[in-house]
2 protein chains.
Amino acid sequence: MELKLETVTKGIEPVSQEWRMKARDYLKNLAIPQGSLGELLNLAEQLAAIKETLKPSVKKKIVVTMAGDHGVVEEGVSAFPQEVTPQMVANFVAGGAAINVLSEVAGTRVIVVDMGVAADLSELVEKGDILSYKVDYGTKNMTQGPAMTREQAKKALEAGIEIAGKLVEEGVELLGTGDMGIGNTTPSSAILAAMTGCSVREATGRGTGLDDVALENKVRVIQKALEVNQPDPNDAMDVLAKVGGFEIGGIAGLILGAAYHKVPVVVDGFISTAGALIARGLAPNSVDYMIASHKSVEAGHKYMWKELGLRPLLDLNFRLGEGTGAAVAMNIVESAAQVISKMLTFEDAGVSRNV
Amino acid sequence: MELKLETVTKGIEPVSQEWRMKARDYLKNLAIPQGSLGELLNLAEQLAAIKETLKPSVKKKIVVTMAGDHGVVEEGVSAFPQEVTPQMVANFVAGGAAINVLSEVAGTRVIVVDMGVAADLSELVEKGDILSYKVDYGTKNMTQGPAMTREQAKKALEAGIEIAGKLVEEGVELLGTGDMGIGNTTPSSAILAAMTGCSVREATGRGTGLDDVALENKVRVIQKALEVNQPDPNDAMDVLAKVGGFEIGGIAGLILGAAYHKVPVVVDGFISTAGALIARGLAPNSVDYMIASHKSVEAGHKYMWKELGLRPLLDLNFRLGEGTGAAVAMNIVESAAQVISKMLTFEDAGVSRNV
């Protein structure tokens, strides 16, 4: 059954406070000094609250890497040429990219989705190597007008929702987000600046490795895009359409779909977290289902996490995307699930309590 | 062949700078923006330098959890009674402790070693559930004189060396340290204060959960132990004997053994890092083989990492020990090994470079 965007955004419930409290009480009885597993205990509470059980399972995992291109690359905002987007999609399929090898360690599958790559990927789609929810061959240059139409934005969001629904139906217990798209830190910074109190300068970083001159140019490009389009911060769909990207819309939709189906979703880096801001704008309760994977080197990322009120699990100086941070964080999420599901209590283990 | 302590400390070589540079050059060709996998790339370099290959493997892992008791608990330095040490050893054997469930996620084995528990564990030893290198039934109260004799300190160190040697012979590619011992943050803080510029107050934390009054008492106890014993900061064996512990000696020995055999060793929390300080004191090159797992909540831990010049991989507010931080960090170490061993280069993946 095809889910409409509005059905999903209105249908996302806050997680169960009752189960969160049950989990908190239960975790106090584990045979460890109170609170001594820190963030794992917070995560275990969140998983219990999402899945409404004291034995949450996250063994069946998947990272969904959404790919798309950006018309704004015409403005010289990336150190890499646009052809790298389809080249990297091919690398994901070949299994030679960072997300592939990190997913192996994390015990997670990866699927790649063409949300709007500016190249014909139909051969890969036909072979079943990637999914296609292609909205268009790249967005338009957002310094000249909206990156996409409102209809396209909705289509991107509903693609993510549909993918999440299918994966949940297949039994996936933990979702992760990922992105590929040359130039996509530019719309992500624009979303951050448009939706929060962050200035364009604070929101803008070096992406794949800009020098000082190119960084100044990128700031000007984003400022121009915001001036030309005047996105409405209270209308996340408007922000996505005017200064977003197809893969960012897909990621936002995936998060919304996960939340609707009560499945936790590990949010990757800067681009994915821009998607999370859009998802939060459309359905504030969706934040309850998000797990912050890592703090990126990309300058604006910390402001995004702050805005969402989430503490990233890792700080390993990543700035790659693809879902790499989500994949590495998934082991920590699984660790938290194991702690609440399998550890013995003081009573069961026959261990004396503190005096 | 039994290895003598001096053979090992003199035999530990610095890691290969040639292989480190080879790895650095190689990693620059991976199809990612330069440096965008942050700490994973540094780790990958270290693994390549230790193992002298561009395809380091760390699949065969083990966490060695060393248990011991401390005479200084008479002074009221712990929130838990001493009987918890053997009770937790039994919990490790039953598989219900944090280290057990976290090791499962990390794909690592755990072995438990009785280095000096103040209880008869011979039944567990006979059943093959734990190893015994018991030096004595707990250390002496270090506020009254040395915690152990110099001979006992040597015995503890050589036990760790022997264990490392046997595990390496069995094919273990990555070692992790762990500890269990009620009261053992007290000797660990004493070691930190004795060997570095850290004051006793900076070095002393709340352990398993002391209140303010008990914390003040703990500071006084450590000050007294240092005054009574006057450990020589330039003689790590003297520090270990006077204000250390049997499990801390075992951990130091394990690290030395790992370094001697050119195997990386993931150092766990506050107690393990006290062992690392002893190891560094005996053989400065051993630091090259250490991987810092996490930053503990325990107050003095950050000073230990600073002293060793190591950046911890994780900051998850753990303060448990057992090897839990090492286990969770092992996935990150394995991720680094995969990155250098399996990712494709720009050339092999057919991806364009930045302009």
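The structure under discussion appears in the preceding block.
Note that the structure is a prediction, hence the values are computed from the model and not measured.

Chemist: So what about the side chain of S296 of chain B? Which residues, and what values?
Modeler: Residue and element names in this part refer to chain B. Its place among the elements puts S296 in the loop between β6 (290-292) and α14 (301-308). Among the polar contacts listed, one links the side chain of S296 to the backbone nitrogen of E298, at a separation of 2.9 Å. When near neighbours in sequence (up to four residues on either side) are disregarded, S296 contacts H301, F318 and R319.

Chemist: With reference to specific residues and values, describe the relation of the copies chain A and chain B.
Modeler: For the pair chain A and chain B, the superposition axis carries a translation of 0.0 Å, the fit reaches an RMSD of 0.0 Å, and the rotation angle comes to 180°. Here the transformation between the copies is reduced to the relation of a two-fold axis. Nearest to the rotation axis, the C-alpha of L314 of chain A is located 3.3 Å from it, this being the minimum over chain A. Here 100% of the contact residues of chain A are again contact residues in chain B; the copies associate through an equivalent surface.

Chemist: Quick one: what's the story with the pattern of salt bridges, residue by residue and with numbers?
Modeler: Residues and elements named next belong to chain A. Applying the stated criterion across every chain yields a total of 40 salt bridges over all chains. As a salt-bridge pair, E170 and R109 come within 3.8 Å of each other at their nearest N and O atoms. Residue E170 is located in the loop between α7 (150-169) and β4 (174-180), and its partner R109 is located in strand β2 (residues 109-116); the two are separated by 61 residues in the primary sequence. A residue is classified by how much of its surface remains accessible, and E170, at 54% relative accessible area, is exposed. By relative accessible area, R109 is classed as partly exposed at 45%. Overlapping salt bridges, with partners in common, bring together R20, R24 and E45 in one network.

Chemist: Could you give an account of the interface of chain A and chain B, with specific residues and numbers?
Modeler: Taken residue by residue, the interface counts 54 residues in chain A and 54 residues in chain B. Summed over both partners, the interface of chain A with chain B buries about 4,600 Å², with 62% contributed by carbon and sulfur atoms. Residues E104 of chain A and K342 of chain B are paired through a salt bridge, measuring 3.0 Å at the closest nitrogen-oxygen approach. Inspection of the region where chain A meets chain B yields 22 residue pairs in polar contact (both at pLDDT 80 or more). Contributing elements (two or more residues each) for the side of chain A that touches chain B: α3 (38-51), α4 (84-94), α5 (98-106), α15 (324-342) and α16 (346-349) of chain A. Looking at which element gives the most residues to the side of chain A that touches chain B, the answer is α15 of chain A, with 9 residues. Of the residues belonging to the side of chain A that touches chain B, the class tally is 29 nonpolar, 16 polar and 9 charged.

About the criteria used
- Residues numbered from 1 in each chain as written.
- Chains lettered and ligands numbered in written order.
- Predicted model: local features only at pLDDT ≥ 70, side-chain atom pairs only at ≥ 80, totals over all residues.
- Heavy atoms only, no water.
- Helix = DSSP H or I, 4+ residues; strand = E, 2+ residues; numbered from the N terminus.
- Polar contact = N/O pair within 3.5 Å; in protein donor to acceptor, adjacent residues only side chain to side chain.
- Contact = heavy atoms within 4.5 Å.
- Least-squares fit on C-alpha atoms with pLDDT ≥ 70 in both.
- Salt bridge = Lys/Arg side-chain N within 4 Å of Asp/Glu carboxyl O.
- Buried < 20%, exposed > 50% of the residue type's maximum accessible area, 1.4 Å probe, protein only.
- Buried area = accessible area lost by both parts, 1.4 Å probe.
- Nonpolar A, V, L, I, M, F, W, Y, C, P; charged D, E, K, R; others polar.

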